[in-house]
Structures are given as C-alpha cells and as structure tokens.
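Coordinates in review
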Amino acid sequence: MSCPKCSPKNPQSCDNPQARSVLLDVKDVRHPRDTVVLVGNPNVGKSTFFNAVTGAHQAVVNAPGTTVELMQGRSTALGARVIDLPGTYSLVANSEDEQVVVDTLAGATGSATDMASGQSIDLVVMMLDASAMTRSLYLLGQVAQTGRPMVGVITMADVVEHEGEVVDAAALSNTLGIPVLAADVRTKQGVRAVEDMIRSALISRPRVKSILPDPTAPGFNQVAAQAAFEQIDKLKSPQILGIGEGAPVSSAVDCGCSAAENTSKGPADSSVEAARLADTSEFDRAAKLFAWVERVEEQAGRKRDSARKPSRSDKIDSLLLHPLVGIPVFFLLMWLLFQAAGNWVGPVQDFFDGLFSSTDEGAFSLANLLKFAFAGVGLSGTWVESLFVNGLAVGLGVVASFVPLMFVIFLAIAILEDSGYMARAAFLGDRVMRMIGLDGRVILPLIMGFGCNLPSLAATRTLPNAKQRLVTTLIIPYTSCAARLTIYLMIARIFFEDNAGNVVFLMYVLSLFMVVLGALVLKPFITKGESRAPLMLVLPAYQMPRILVILQNTWNRAWAFVKGAGKIIVVMTLVVWLMSAIPMAKGYSFADEELPMENSLYGSTARVLEPVFQPAGFGDWHMTGALMTGFVAKETLISSIVTSYNLDESAAGDAEDGGDDLGSLPELVTASFERTAGEQYASLAAFGFLVFVLTYTPCLATVAEQKRQIGARWTIGAMVVQLATAWLLAVLVFQVGRLLW
C-alpha cells in the first residue's frame with residue numbers, strides 16, 4: 001500500500017512512525033469463512049507453518065480435476081480455512097502442480113477458491129526464504145500482480161544468520177508496504193506473532209504498495225484487483241484501515257506526507273513504473289520483475305556478498321555429491337530403506353496382523369474375541385462366525401500389517417526430505433533417469449519398489465511434476481517387490497535346482513527391463529519433451545529434521561492410506577472368503593469347514609481360467625487359483641498353492657519363508673506343470689509362470705493406492721495392460737521356448 005497522500009505513480013518510503021502500525025480488534029469482525037492460502041517456493045517451510053497453525057484439523061485432498069495434492073485445514077486461532085498450495089518458483093505454469101497454484105490464485109472455475117462455490121481468497125501468506133530472498137521476492141511480485149492481499153513470513157533466518165547475514169523484516173515490510181515478520185516455523189518461535197499479524201491483515205487486506213494488479217499476469221483475479229484499486233482510491237484521502245484496538249501490524253497507510261515531500265526521487269520512485277507489467281512477453285515481464293526485486297533488496301538494506309564463503313551445506317555437498325562418495329552413500333541409504341521395508345519392520349507387521357487375525361489359542365486378537373462372543377450366543381462354528389473371523393478379521397489384519405510398514409517408510413522419506421538430502425538424491429540419479437524421459441527425482445520411489453510397491457507409490461507423492469508422478473505410478477508395479485521373491489525361490493528350486501540363483505537374478509533383470517520399457521512406451525504420450533528441459537533443482541540447506549512435525553505428517557499419510565486403500569482391501573478379502581465358502585458340489589453346506597478348495601466357487605473359478613493359461617503351459621487350477629489370491633497379496637501365493645493341495649503347513653516345509661525345505665511340494669507342483677505342459681516342457685511353463693507373477697497386477701493394496709493417487713480410470717487401464725502384458729509374455733516364453741528347445 002502507498003501512503004494516503006502519495007500518488008500511486010509517485011510512491012515513496014514512509015518515515016512517519018504513525019504510518020507503520022494500525023491497532024485492530026479482529027475479535028468480532030473477522031468472517032468465520034475466511035480463506036488463507038500459503039504460497040512459496042519448495043522447501044521454504046509452508047507445510048511446517050501449515051501444521052503449526054492447523055494442528056490436527058487438516059486433511060489431504062486432490063485439487064479439483066487433478067491428481068495434485070492440496071493440504072486443507074482449519075485454524076481455530078485464525079478462524080479461517082487454510083490451504084497449503086504446492087511449492088513453486090514461478091506463476092508461469094510448466095507443470096500441473098504450478099497450474100493448480102495459478103488457478104487457485106485466480107479463483108478459476110472449479111478450483112478450490114472458485115467464488116461460484118462460495119469460496120475465495122481473503123489473504124495470501126507469502127513464505128519468504130531468507131537464504132534465497134531474491135527468488136522469493138520474484139514470486140511475491142508475481143502474486144502481487146494478481147491483486148490478492150498478502151502478508152510476508154520470513155523463514156530460514158537461522159540459516160542466514162549462521163552465515164553471518166541478517167534479514168531486516170521491518171525494513172522489508174516498510175519497503176513492500178505489507179506486514180512482514182520473521183519466524184522459525186520449525187521451532188514455532190514467532191508463529192503466534194504471525195497469527196496475530198494474519199488476523200489483523202484479514203481486516204486491513206494489505207497489498208504491495210509498488211505493484212498494481214495486471215490483467216495479463218498469470219493468476220490475475222478481477223474481483224481482487226477491483227478491491228485493490230478501490231483500496232488505493234480510499235487511501236487518497238487520510239484514512240486508517242481498521243477499527244478498535246489490538247495487536248499492531250506494520251502497514252504504510254497514513255504518513256501525513258506533504259506534496260512537497262513527495263518530489264524526491266530514489267529507488268522507490270520508479271518501483272511502480274517497473275511494476276506496471278502489462279506486457280504480452282513473459283520475458284519482458286520477468287526482466288522488469290527482477291529489476292523491481294533488485295530495487296526492493298537495495299531499499300531494504302540487503303547487501304549481496306559476491307565473495308561469500310562456502311557454507312556448511314556447501315562443504316557437505318562437496319562430499320555427498322562427489323561421484324566416488326555420493327553414490328555409495330546413496331546406495332547405503334537405499335539399502336537401509338530396503339532393510340526397514342523388508343526385514344526390520346517384519347516382526348511389527350506380524351504383531352499388528354496377529355492383533356486382528358490370529359486364532360492361536362490364548363492369543364489376544366480380534367478373531368479370538370469374535371470367536372468367544374459367537375460361542376456365547378450359540379453361533380460357534382457357523383458361517384456367521386467364519387465370515388467375521390476368516391473374512392473381516394483377516395482383512396483388517398492385512399490392512400493393519402501394512403500400517404507399520406507405511407509408517408516406517410513415510411518416516412524415512414520425511415527425514416530425508418526434511419534434512420535436505422532428497423534433493424541431492426535426485427541430482428545423483430538425474431542423468432540415468434533422463435534417458436527414459438524422467439528426471440532424478442523418481443529414482444528413490446523406483447528403487448523402493450524393489451522392497452515393496454506400496455510405500456514406493458506413496459513416495460511418488462513427493463514428486464513435484466504431475467506427469468512424471470503419473471508415469472512413475474504406472475511403472476512401479478513392474479518393480480519386483482520382496483513378496484514375489486518367495487515364489488521365485490520355490491519355483492526355481494523345484495525346476496532349476498542347479499541354477500536357482502541365476503533364475504532369480506534373471507527375474508530382477510527382467511523387472512528392470514520392464515520398468516525402462518514402460519517408461520519409454522509412455523514417454524510419447526505423457527512425458528514427451530520432459531527430458532529436454534534441464535532439471536532445475538534447488539538444493540536446500542541441510543537441517544536437523546523436526547521430529548514432532550515429521551511424526552505428525554507421517555501419521556497423517558499412514559492414516560490416509562488406511563482410510564483409502566484399507567477399505568478396498570477389506571472388501572476384496574471378504575469377496576475371496578465368500579468365493580471359498582460357496583460350495584459348487586453336493587454334500588457340502590455354505591462355509592463348510594470340510595469343503596475342499598477345488599469344490600468351492602473359488603476353485604471352480606480357477607478351473608474356468610485353466611483354458612486361458614493353457615497356451616502359457618500352466619493351465620492348472622492350483623496355479624490359476626494361486627494367481628487369483630496373489631492379486632489380494634503376493635505373500636499368499638505359496639500358501640494358496642499349499643492349501644489347494646490340501647496340505648498342512650508342516651507338509652510344505654518352510655517354503656512360505658523362502659527356505660530350502662519344500663516338503664512334498666516339489667512332487668505335487670511338478671506333476672501339475674507336467675500335466676498341462678508335458679514332461680519335456682514343464683520347466684518352460686514354470687519359467688513362464690514366474691514371468692507372469694512378475695508382470696501381472698500388483699497386490700490389492702498397491703492397486704488401491706494407485707486408485708487413490710491417479711484415479712479409477714488410469715488404474716483400471718493399467719491393470720488391463722498389466723494382465724495382457726503378463727499373459728502375452730508368459731505365452732511367448734512357453735511357445736517360443738518349445739520351438740527352440
């Protein structure tokens with residue numbers, strides 16, 4: 001805002017102390033449906049500030065019509081809805097995430113701030129990175145052109161102070177004409193003062209005094225611009241914006257300057273002229289904005305040190321970004337993630353699963369509680385008990401078993417992200433990933449996929465580019481998760497005993513090939529031209545992770561999985577139970593404990609699929625049935641095969657654990673393959689079976705997470721392609737192999 005007696009064409013910095021504060025009482029005049037949006041560069045502290053002001057009153061939602069995530073919450077302190085927009089460096093949108101920011105600021109039709117739906121933006125909170133102030137001020141200038149009122153919050157001040165530089169928030173506030181405060185959002189120091197500032201600004205609606213709304217600027221909003229010009233007209237006469245008493249807010253509103261005092265020339269005299277950016281060329285607009293940024297920094301007293309000494313982060317990067325040190329460190333961290341996903345969290349998963357599904361005598365579990373309850377009402381041994389114990393409790397156990405896994409992986413990702421290392425990992429992997437149309441930021445989710453597809457998909461949410469996020473989500477199921485390893489080992493030990501290790505290694509090579517092939521196939525349709533643009537990556541300063549914030553974010557993400565994917569898992573588990581409970585032969589009742597698997601609807605369905613897989617050499621219901629249950633969870637493939645042969649666990653040895661003792665399984669499985677493929681080609685059919693296991697649809701939890709991220713249409717399409725690809729490859733292996741054998 002310019003001062004009341006200073007024409008917008010001739011603004012200047014006010015020296016009158018009375019102009020720098022307005023006492024406001026926001027207690028009774030603040031609208032309960034105010035909307036505050038947080039805007040800033042990536043890694044500037046927006047999400048941390050969002051967590052601080054909203055607490056537990058928050059939710060993850062998709063921007064309307066997109067797969068871009070927005071965090072929305074309600075702040076009781078502000079009495080307002082708070083939206084955390086994706087981080088961006090510019091409002092010139094080059095990605096879906098950036099377009100969501102532009103549309104939200106513009107209040108575009110269907111956006112989260114569409115006025116037609118009764119929503120709008122009452123205040124923009126600009127998060128300014130003290131360690132990259134020039135870049136932050138450039139984005140602030142662009143937002144100012146939209147006409148939106150705003151305040152500024154300076155973050156990373158501690159990082160700058162560690163390097164011997166000080167950012168003067170008061171000077172910057174005076175230069176911009178909007179309230180600006182510094183706050184350490186990581187420790188919440190200064191957050192309460194920022195909340196006071198926002199409450200007051202929701203009434204005064206301060207705007208940058210040296211930039212006028214520009215109808216040609218991205219994110220421009222006509223209603224906000226009209227309000228801005230009306231505000232300027234009102235300020236031409238001496239007025240104070242605000243009523244009552246309350247917390248002071250820096251705002252240049254009434255300086256009492258005389259006309260003669262406004263004739264001096266300086267940097268501020270030309271700032272509005274530089275800000276009238278009604279040019280059609282974005283290059284011209286950018287040049288003028290950068291010139292404006294430079295003047296603002298000079299006027300605010302910020303000095304540039306051309307001979308800046310290497311920072312602590314620079315010194316660490318000299319090691320972690322060095323090829324001889326950085327790459328081994330990266331793979332060490334990936335190994336730790338694999339260990340966490342595959343081994344360390346395993347006992348915790350078993351414990352959570354057992355809390356719901358264990359029927360062991362004396363075990364404390366939901367299943368045993370249900371059995372006790374049904375016994376008390378005379379329903380023991382009935383189908384009702386079986387439905388709840390073997391259906392519902394088992395489904396809940398599957399969901400519960402994934403909660404610690406998701407929590408650990410989300411926690412690891414959050415620590416890597418919060419510490420600043422995630423950007424370094426993207427830098428290290430960029431050259432390799434660019435060959436397949438992606439950039440280095442996707443390498444972490446892809447590598448994690450070899451541990452478990454589910455947290456790997458969850459990790460894609462950290463990718464800022466929506467197109468690359470979509471491609472990565474579609475190709476992750478081709479990464480061979482650890483759950484597939486046990487079936488690889490069992491089949492390889494039965495049919496390729498002397499070369500079992502080589503066969504398993506070949507499956508992982510094929511997995512890599514499918515990932516690369518999938519990305520290359522999708523490149524012309526989704527990521528065409530993406531690899532041509534260089535990866536513009538800002539390496540944030542290394543910081544100590546914020547434990548409380550990380551734990552809160554981790555829990556929110558894990559709970560979102562339970563609410564989203566968990567419902568689908570439970571429903572499908574009940575469907576499998578129902579299929580196995582319906583008898584298809586005489587002499588058995590519904591959910592009969594003596595009902596053989598082959599005489600159930602499940603077994604009959606598996607037999608129907610036999611002709612489909614006959615060209616691949618494994619058209620046997622034991623195998624097709626295992627593939628059906630493998631869709632629910634790949635871990636159940638072996639147990640399904642064991643059950644289909646009416647074996648108990650001891651008769652199968654330690655096959656389910658990937659051990660060498662397979663019990664009587666080798667003879668039974670070999671007989672099944674020889675019956676369908678012939679004795680000479682049984683090993684070919686077995687290898688084709690492994691290829692199908694690798695490439696067909698992932699487990700139900702992964703499919704549910706895919707749907708949550710990219711929607712039903714893409715997910716269903718991906719499933720169809722995966723099934724067709726898997727069948728075609730298995731048939732090719734068997735049929736071509738027979739010709740070459």
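The structure presented is a predicted model; accordingly, all values stated were derived computationally and were not measured.

A tally of regular secondary structure across the protein gives 28 helices and 9 strands. The 741 residues of the protein split such that 53% are buried. Nonlocal contacts in the protein, meaning residues at least 24 apart in sequence, comprise 73% of its contacts between residues at least 6 apart.

For strand S7 (residues 150-155), the tally of buried residues reaches 6 of 6 residues, placing the bulk of the element in the interior. With 6 bridges joining them, strand S6 (residues 123-129) and S7 adopt parallel strand pairing. Bridge pairing in S7 links leucine 128 to isoleucine 154. In this sheet, strand S8 (residues 180-182) lies alongside S7 in parallel orientation, the contact comprising 3 bridges. Of the residues in S8, the one forming a bridge with valine 153 is leucine 181.

This brings us to the side chain of serine 672. You can see serine 672 is positioned in helix H26 (residues 665-677). For serine 672, a relative accessible area of 1% puts it in the buried group.

A separate point is the packing of aromatic side chains. Counted by the stated rule, this structure contains 16 aromatic pairs. Between phenylalanine 374 and phenylalanine 388, the ring centres sit 5.6 Å apart and the planes meet at 50°, which makes this aromatic pair tilted. Here the residue phenylalanine 374 occupies a position in helix H13 (residues 366-376), and phenylalanine 388 occupies one in helix H14 (residues 383-419), the gap between them amounting to 14 residues. By relative accessible area, which is 30% here, phenylalanine 388 ends up partly exposed. With a centroid separation of 6.2 Å and 85° between ring planes, the pair formed by tyrosine 488 and tyrosine 508 is classed as edge-to-face. Linking tyrosine 488 in helix H19 (residues 485-495) with tyrosine 508 in helix H20 (residues 500-522), this pair joins segments that are 20 residues apart in sequence.

This next bit is on the pattern of salt bridges. Inspection of the entire model under this criterion finds 7 salt bridges. Ionic pairing is found between lysine 46 and aspartate 84, a salt bridge with its closest N-O pair at 2.8 Å. Placement of lysine 46 in helix H1 (residues 46-54) and of aspartate 84 in strand S5 (residues 80-84) is noted, with a sequence separation of 38 residues between them. For the pair lysine 46 and aspartate 84, one class covers both residues: buried. Of the charged contacts in the structure, one is a salt bridge between arginine 192 and glutamate 195, with a shortest N-O distance of 2.7 Å. Of this pair, arginine 192 and glutamate 195 both sit in helix H6 (residues 191-204), 3 residues apart, roughly one helical turn. Since its relative accessible area comes to 4%, glutamate 195 is described here as buried.

It is worth spelling out H13 at this point. Turning to H13, its buried residues number three or more, namely Ala367, Asn368, Leu370 and Phe374. One side of H13 carries all its buried residues, which in axial view fall inside an arc of 160°. Exposed residues pointing more than 90 degrees away from the buried face of H13 are listed as Phe372 and Gly376. Taken together, the buried residues of H13 touch helix H12 (346-357) and H14. Directly beyond the C-terminal end of H13, a positive phi value near 80° is found at glycine 378.

This next bit is on helix H2 (residues 96-106). For the α-helix, the turn length of 3.6 residues means that residues three or four positions removed from each other point alike. All of the buried residues in H2 are Asp97, Glu98, Val100, Val101, Val102, Thr104 and Leu105. Just downstream of H2 lies glycine 107, where phi reads positive at about 65°.

Time to look at a nonpolar patch on the surface. A cluster of nonpolar side chains, namely Val612, Trp727, Leu728, Leu732, Val736, Leu739 and Leu740, defines an oily patch on the protein surface of about 700 Å² accessible area. The residue tryptophan 727 is located in helix H28 (residues 700-740) in this model.

All right, on to unusual backbone geometry then. For methionine 156, which is not glycine, the phi dihedral falls at a positive 60°. Looking at the secondary structure, you find methionine 156 in the loop between S7 and helix H4 (157-162). With a phi close to 60°, alanine 591 is a non-glycine residue in the positive phi region. Here alanine 591 lies in the loop between helix H21 (547-581) and helix H22 (601-608). Relative accessible area serves as the criterion here: at 16%, alanine 591 is assigned to the buried category.

Attention shifts here to the nonpolar core. Formed by 54 residues in total, the largest nonpolar core has its most connected members in Leu438 and Ile475. Not counting the four nearest positions on each side in its chain, isoleucine 475 is found in contact with Leu438, Leu446, Val515, Gly518, Ala519 and Leu522. Judged by nonpolar contacts, the second largest core, of 46 residues, contains Phe496, Phe613, Phe673 and Val731.

In this section: the packing of H20 against helix H27 (residues 682-695). Between H20 and H27, the least distance of the axes is 11 Å, while the angle of their chain directions is 40°. Our classification of the angle between H20 and H27 gives oblique. Our pair here, H20 against H27, has a crossing hand that is right-handed. For the pair formed by H20 and H27, the contact residues are Val503, Leu506, Met507, Leu510, Ser511 and Met514 on the first element and Phe687, Leu690, Val691, Leu694 and Thr695 on the second. For the contact of H20 with H27, the residue count by class is 9 nonpolar, 2 polar and no charged.

In the predicted model, the protein carries a mean pLDDT of 78, and 81% of its residues have values of at least 70. Model confidence for the protein, summarised as mean pLDDT per element, is weakest for strand S9 (residues 248-249) at 28 and strongest for H27 at 96. Here residues 1-32 is modelled with pLDDT under 50, and outside its nearest four sequence neighbours on either side it reaches 118 contacts, counting other chains as well. Below a pLDDT of 50 lies the segment residues 237-280, which in the model reaches 126 contacts outside its immediate sequence neighbourhood of four places, other chains included.

By the criterion of burial, strand S2 (residues 34-40) is predominantly enclosed, with 7 of the 7 residues buried. Neither face of S2 is open: one carries Asp34, Val36, Leu38 and Gly40, the other Thr35, Val37 and Val39, and all of them are buried. When S2 meets S5, the two strands line up parallel, connected through 5 bridges. Of the residues in S5, the one forming a bridge with leucine 38 is aspartate 84. In the sheet, S2 pairs with S6 via 5 bridges, with the strands oriented parallel. Counted as the bridge partner of valine 39 is methionine 126 from S6.

The rules we used
Every chain begins its residue count from 1, and numbering advances along the sequence as written. Local features are withheld for residues below a pLDDT of 70 in this predicted model, meaning they are given only at 70 or higher, and side-chain atom pairs are given and counted only at 80 or more; totals for whole chains, interfaces and linings count all residues. Calculation of side-chain values draws on the structure's entire complement of heavy atoms; hydrogens and water are dropped beforehand. What counts as a helix is a DSSP run of H or I of at least four residues, what counts as a strand is a run of E of at least two, and both are numbered from the N terminus. Burial classification: accessible surface area is computed with a 1.4 Å probe over protein chains only, and a residue below 20% of its type maximum counts as buried, one above 50% as exposed, and the rest as partly exposed. In this description, contact between two residues means that some pair of their heavy atoms is separated by no more than 4.5 Å. Any two strands with at least two DSSP bridges between them are considered paired. The aromatic pairing rule takes the rings of Phe, Tyr and Trp, using the six-membered ring of Trp, and pairs them if the centres are within 6.5 Å, calling planes under 30 degrees apart stacked, those over 60 edge-to-face and the rest tilted. The rule for a salt bridge is simple: a side-chain nitrogen of Lys or Arg has to be within 4 Å of a carboxyl oxygen of Asp or Glu. The directions from the helix axis to the C-beta atoms form the arc being described. Exposure above 30% relative accessible area and no salt bridge define the residues that can form patches, which grow by joining like charges within 9 Å and nonpolar side chains of Val, Leu, Ile, Met, Phe, Trp and Tyr within 5 Å. Values of accessible area rely on a 1.4 Å probe in the Shrake-Rupley scheme; residue burial ignores everything except the protein chains shown. By convention a nonpolar core is built from buried Ala, Val, Leu, Ile, Met, Phe, Trp, Tyr and Cys residues, the set being connected through side-chain atoms within 4.5 Å. Helix axes use the C-alpha atoms of the stretch in contact, all axes being lines fitted to C-alpha atoms, and the angles between their N-to-C directions lie in the range 0 to 180 degrees. In this scheme, roughly parallel covers angles under 35 degrees and roughly antiparallel covers those over 145, while 65 to 115 is roughly perpendicular and the rest are oblique. Note on convention: the crossing is left-handed when the near helix lies turned anticlockwise from the far helix by less than a right angle, right-handed when the turn is clockwise. Residue classes follow a fixed rule: Ala, Val, Leu, Ile, Met, Phe, Trp, Tyr, Cys and Pro count as nonpolar, while Asp, Glu, Lys and Arg count as charged, and any other residue, Gly among them, counts as polar. pLDDT runs from 0 to 100 and stands for how confident the predictor is about each residue.

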